[in-house]
Amino acid sequence: MHRTTIGDFELTILSDGTYRADGGTMFGVIPRVMWEKRIKPDERNTIALGLNSLLVRTGTHNVLIETGIGNKLTEKLHAIHRNEALLMRSFERAGVSPDEIDIVINTHLHFDHCGWNTHYKNGKPVPTFPRATYYVQHGELDHAHEQHERDRVSYMTDNYDPLVASGQMKPLRGDAEIVPGISVKVYPGHTRDLQAVILSSGGKVAAYPSDLVCDASHLDPVWTLGFDLYPLECIANKHLFYERAVPEQWLVVFTHDHELPWAYLEIGEKGRPVVRRDQSKGGTTARP
Ligand SMILES: [Zn+2]
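In this report, we go over the structure that sits alongside the text. (Residues numbered from 1 in each chain as written. Predicted model: local features only at pLDDT ≥ 70, side-chain atom pairs only at ≥ 80, totals over all residues. Heavy atoms only, no water.)

**Here we look at the sheet that holds strand β11 (residues 182-186)**
Part 1 of the argument: Taken in spatial order, the 6 strands line up as β10-β11-β12-β13-β14-β15 in an open sheet, and their pairing is mixed. Either end of the sheet is taken by a strand with one partner, and the two such strands are β10 (176-179) and β15 (262-263).
Part 2 of the argument: Pairing of strand β14 (residues 251-253) with β15 involves 2 bridges; the strand directions are antiparallel. In the sheet register, Val252 faces β15, and the bridge partner there is Ala263. (Pairing = 2+ DSSP bridges. Helix = DSSP H or I, 4+ residues; strand = E, 2+ residues; numbered from the N terminus.)

**Observations regarding the sheet that holds strand β4 (residues 62-65)**
Part 1 of the argument: Strand order in the open sheet made by the 7 strands is β1-β2-β3-β4-β5-β8-β9, with mixed pairing throughout. What marks the edges here is a single partner per strand, and that holds for β1 (3-6) and β9 (169-172). On average, each strand axis in the sheet is tilted by 25° relative to the strand beside it, whichever way the strands run.
Part 2 of the argument: Summarising the sheet, strand β8 (residues 133-137) and β9 pair through 4 bridges and their orientation is parallel. Bridge pairing links Tyr134 to Met169 in β9.
Part 3 of the argument: Contacting β1, β2 (9-22), β3 (46-57) and β4, helix α4 (residues 87-94) crosses the sheet at an angle of about 155° to β2.
Part 4 of the argument: Against the sheet, helix α5 (residues 138-146) touches β8 and β9, its axis set at about 80° to β8. (Axes fitted to C-alpha atoms, helices over the stretch in contact; angles between N-to-C directions. Contact = heavy atoms within 4.5 Å.)

**As for the coordination of the zinc ion**
In ideal tetrahedral geometry, four donors around a metal make angles of 109.5 degrees, whereas ideal octahedral geometry with six donors gives angles of 90 or 180 degrees.
Part 1 of the argument: Taken together, the protein donors to the zinc ion comprise His108 (NE2), His110 (ND1), His190 (NE2) and Asp211 (OD), at separations of 2.2 to 2.3 Å.
Part 2 of the argument: Taken together, the 4 donor atoms surrounding the zinc ion define angles of 84 to 171° at the centre, an arrangement classified as irregular.
Part 3 of the argument: Sequence spacing among the residues donating to the zinc ion works out to H-x1-H-x79-H-x20-D. No difference in accessibility class separates His108 from His110, as the two residues are buried. (Donors = N, O, S within 2.8 Å, 3.2 Å for Na, K, Ca; no water. Tetrahedral: all angles 85-135°; square planar, octahedral: opposite > 155°, others 65-115°. Buried < 20%, exposed > 50% of the residue type's maximum accessible area, 1.4 Å probe, protein only.)

**Examining unusual backbone geometry**
Part 1 of the argument: One non-glycine residue with positive phi stands out, namely Glu66, at about 70°.
Part 2 of the argument: You can see Glu66 is positioned in the loop between β4 and α3 (75-81).
Part 3 of the argument: Assessed through its relative accessible area of 1%, Glu66 is described here as buried.
Part 4 of the argument: With phi around 55°, Gln249 is a residue other than glycine that occupies positive phi space.
Part 5 of the argument: Positionally, Gln249 belongs in the loop between α7 (231-245) and β14.

**Some details on the environment of Asp142**
Part 1 of the argument: Note on placement: Asp142 falls in helix α5.
Part 2 of the argument: Considering only alpha carbons, one finds Asp142 and Pro171, 29 residues apart in sequence, at a separation of 9.8 Å.

**Side note on the nonpolar core**
Part 1 of the argument: Of all hydrophobic cores here, the largest spans 24 residues; its most connected members are Leu11, Leu54, Val56, Ile182 and Leu199.
Part 2 of the argument: The leading source of residues in this core is β2, at 3 residues.
Part 3 of the argument: Apart from the residues lying within four places of it in its own chain, the contact partners of Leu11 are His2, Arg3, Thr4, Ile6, Leu54, Leu55, Val56, Leu199, Ala206, Leu251 and Trp262.
Part 4 of the argument: Among the nonpolar cores identified, the runner-up in size contains 22 residues, and Ile101, Cys114, Ala132 and Tyr155 belong to it. (Core = buried A, V, L, I, M, F, W, Y, C linked by side-chain atoms within 4.5 Å.)

**A short note on α7**
Part 1 of the argument: Its 15 residues give α7 an end-to-end C-alpha distance of 20 Å, which sits within 8% of 21 Å, the value for a rise of 1.5 Å per residue.
Part 2 of the argument: Cys234, Asn237, Lys238, Phe241, Tyr242 and Ala245 are the residues of α7 that are buried. On an axial view of α7, the arc spanned by its buried residues comes to 140°, and they lie on one face. Structural note: α7 exposes Leu232 and Glu243 on the side pointing more than 90 degrees away from its buried face.
Part 3 of the argument: Buried positions along α7 lie against β13 (204-208), β14, β16 (265-267) and β17 (273-275). (Expected span 1.5 Å × (residues − 1). Arc of directions from axis to C-beta.)

Set out below in structure tokens:
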């Protein structure tokens, strides 16, 4: 179990297990001969991805960032993605109950980021975190409701509509502080309104950039996802993210890396961000 502290905050990775996705869609315009050196695809050209939720215990609030894929996929989608739906088991192993979660933050509403928001009880979707307030960007919710032909396959209404109807999901309009030290910042690119989560306590910072930088294979600013709706904005926003994350030594949490759930970064020989060789020291104090 991956657990660390950032100032007064305790951070724990709670995994929903792995799933499979097409390697080509994960690397967009990057040719397979380049990406397969980093990740070997199987005979169907799929690669394994992690589903890393992050539990933040601030001492006052228990905040859960992202909720994986969950257990509501249809048989057909489950056969494609082969997801394991382990998040509730991860909660048990961490000694935490879903009832203890005060806040859930969804970076966006793609099915692989908000699946455990709800589960089925007697055939009806009910909140998995009954006491929690769920936060998402208003624009993301609008786009999910649009069911655009380009990406409607990524949106499952049962993951969010019941929470909107009950008032448990609060749409945000832009950057916001959710509780002291936990903020969301919008980085358009993957979707128009994708929000990263920034945690700061005791002069240390951790960030959950979600699909802006989804794993250690996608650190290069131009290695973006085929799913990205606005690729040029992705590249620009990755640069903006690194402008702070590298010099201030943020701990970067990777939503889809099943081997390395978090890392400190440095600028590599080619002038591109890479995983810092020495991960042992922890973050230096953020500069003002
Ligand atoms: Zn996504």
